[in-house]
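Working through the structure, step by step
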Amino acid sequence: MLQGYDIIVVGAGHAGCEAAAAAANLGSKVLLVTMNMNTIAQMSCNPAMGGVAKGQIVREIDALGGYSGIVTDRTMIQFRMLNRSKGPAMWSPRAQSDRMRFAEQWRLTLESITNLDFWQEMVTGLIISGNKVSGVKTGMGLEIKAKAVILTNGTFLNGLIHIGEKQFGGGRVGEKTAKGITEELIKLGFEAGRMKTGTPPRVDGRSLNFDKMEEQKGDEQPVKFSYLSSTSPLKKQRSCHITYTNANVHEVLQSGFERSPMFQGRIKGLGPRYCPSIEDKINRFAERERHQIFVEPEGWNTVEIYVNGFSTSLPENVQHQALQLIPGFEKAKMFRPGYAIEYDFFQPTQLNPTLATKIIGGLYFAGQINGTTGYEEAACQGLMAGINAHLRLNNKEPFILKRNEAYVGVLIDDLINKGTEEPYRMFTSRAEYRLLLRQDNADLRLTEKSFKLGLAGKDRFEEMLNKQRSTEELTSKLKQIKLKPEEAQEHLSRLSSAPLKDKSSLYNLLKRPEIKVSHLNNFSESIKNTLSGFSDEAAEQAEVQIKYETYLQREQDNSDKMNRLENLKIHPSFNFLKVPSLSAEGQEKLNKIKPKTLGQASRISGVSPSDVSILMVYLGR
C-alpha cells in the first residue's frame, strides 16, 4: 500500500502538475493526489495558454525546466504573438490549445517521471505534528505520511456553483467539492476568504454560421513557447472568429437580472475585475452598444466551441435566448451553460517567499488557494513551491526570484506583501522592470539558475549558451561592418529612413526604429551572406538589445539600486513593535508579514517611505 513520501501534492491542476514534476525531477519521492485521474491538467475554462504577461510566465516556466510550454507546443492548434505593433516589453505569446490533448499530454508527461506516484481520492485533512505537517488524511480514512505537503486545490475548496437561482456544490460542473481542509486550516489559525470566477457556455460549432463572423487566423510564421528544439512550430492552424453582442442581446440578458445570483446577492465572493461576466459588463458599461465575443475551437477535431467573452451565471434559458441573437449564433445549440463558482482561498500574506506557510512548517500553498486566477499564474506558483519544498527537505538555500529577474518573482512578491481581495491576474503593468523581463529572453535570465539547481537539463543549458554566444557574435559583426553613405542611400530611402552623413556601422543603423535585421540583408550580398549564418532567434535578440540599449541600461541601473535594499536582511526575531518612530499602520503590517529584507518591507501596502528610512537607521545600528 502507500508508503511514506518526501512530498505530497494535493490537486492535479496546473499548479499541482508543475509542483509534482519539479520536486520529483529534483529527486524527491512525490505523491500526486487527485480526486479524479481523468481530469489531470484539465483546462477548466478557456482552452488557451499565454496572453499578455501570461505568455511571459509560460516562457519563464519553460526556462526554469517546467513543462507548461512544452505541453502547449505539442497540443496547440493556433499561435499568435500579441502586441507586435508595440515595443518588445509588450510582446506576448498566446496559443489556442486542444483541450483533450493538453490534458492527455500532461498526464503522459507526469507518468514518465520515475519518482512520481499517483493516488485518486479526496484529501479531507492534514496530519499535524506540533507545528509541522507530516502527511494527509483521505476520505477513505487513510493516513499518508510525508515530510512536506503542497496544497493546490484550485476552485474545489467548498466550491459552490451558481446557475440562475440554482446552487449546488462542486469544484467544476460534474465534479464534487472538497470539504474538510478549509475548516482544519482555520482551526490552525489561517485566515480564509471567498472568491468567485465564472465560465461561458459551450456550443456546438456545427450550429454556427461562421460566414457572419470575422475570421481570426494565427500568425503567418508562428513560433512556439519552449526554448528547447524538441518542440516545433505549427505547420497548420485552426482559425478563431470574432463576433459582437448587440442591444437585443443586452435586453434579453437584462431580463434575467432578477434571477441573477450576482445581482441578487447570492454570490458573496469577489470576481475577477479584468474578466467580468457578460451581465457585469452590460451593467457597468451601459453606454456600450456591443461587446466583443471570441469564438474559439476546443481542439483539432471536436465541434465544441468556447464562447470567450460571454462568461455568465444567468439562468440557462436566458443564456441560450441571448446567444441566439448574436450574429452567427442564430441557430446555436448549447452543450452546457455557463456558470459562476465560489470557492475558498487563503490570504497569501500568510506565506513566505518560498510559498511555505508561516504557521505550519513544511506546508505550501500554490495556485487559486492563494487568490490568483489563470492557469499560468497557478503553474508558476506550483513550480516554485515544488522546487522550494525539495530544497528545504535537503537543507539547501531557498530559490526565490526577485522582481527584476522574472514575472514569477513579481507575482509572488505581490501576493505575499500586498495580499489580494479579488482574483489576482498578472499584467505587464505590474512589473516595474518589464523591459528586462521580456518573453524573448526568459532563457537568458533563468536557465542557468535552474541548471545550477539541477532542474533544467544540460541540453536546455547548452541551447541557452548557444543562443547567448550567437547573439554576442552577431552583435560584434554588426559593429564591425560599416557602410559608406552612398552604399546605404538607396536602401535607406526605400525604408523612409534619413540618409547617412558619415560612414556608419550596421549596429548604429539598427538603432533606428524603422530598420530591422531582416532589412540589412538587402544592403549587399556580402552582408546577406554574413547574417545568413544566424538564427532568427539570435537576430531578434540582438535587434532588441541594440535598439533599446539605453533604456535597458537605465532599467538595469534602477534595478541595481533597489537590490541594495534587498541585500539588507531583517532578522526573523526583529520586533517591529519596539520601533516607536514607525507609523501605527507600518508597525501593524510589518509585524504581521515579517519581511525578510528591507526591500520586501518597502513594498508592503501601508508601509511608508519614512517607515523604510527609520528601519534603515535601526538596521544600521
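For the structure, see preceding data.
These numbers were taken from a predicted model, which means no experiment stands behind them.

1. Digging into the pairing of strand β11 (residues 166–169)
Bridge analysis of strand β10 (residues 160–163) against β11 gives 4 bridges, and the strand direction is antiparallel. Along β11, the bridge assignment pairs isoleucine 161 with phenylalanine 168. In this antiparallel pair of consecutive strands, β10 and β11, the connection spans 2 residues, and glycine 164 shows a positive phi of 60 degrees.

2. Observations regarding unusual backbone geometry
Located in the positive-phi region is alanine 41, a residue other than glycine, with phi close to 60 degrees. Checked against the element boundaries, alanine 41 lands in the loop between β2 (30–34) and β3 (48–50). Alanine 41 gets classed as buried once you look at its relative accessible area, which sits at 0%. Of note in this structure, leucine 355 is not a glycine but carries a positive phi near 75 degrees. The residue leucine 355 is located in the loop between β19 (339–346) and β20 (363–365) in this model. Residue classification places leucine 355 among the buried residues on the basis of a relative accessible area of 0%.

3. A few points about the sheet that holds β19
What the 4 strands build is an open sheet, ordered β11-β10-β19-β12; its pairing is antiparallel. Edge positions in the sheet fall to β11 and β12 (192–199), since each of these pairs with one other strand and no more. The mean angle between the axes of side-by-side strands here comes to 25 degrees, regardless of whether they run parallel or antiparallel. Where β10 lies against β19, 3 bridges are found, and the strand directions are antiparallel. Residue pairing for β19: histidine 162 is matched across the bridge by alanine 340.

Analysis parameters
- Residues numbered from 1 in each chain as written.
- Predicted model: local features only at pLDDT ≥ 70, side-chain atom pairs only at ≥ 80, totals over all residues.
- Heavy atoms only, no water.
- Pairing = 2+ DSSP bridges.
- Helix = DSSP H or I, 4+ residues; strand = E, 2+ residues; numbered from the N terminus.
- Buried < 20%, exposed > 50% of the residue type's maximum accessible area, 1.4 Å probe, protein only.
- Axes fitted to C-alpha atoms, helices over the stretch in contact; angles between N-to-C directions.

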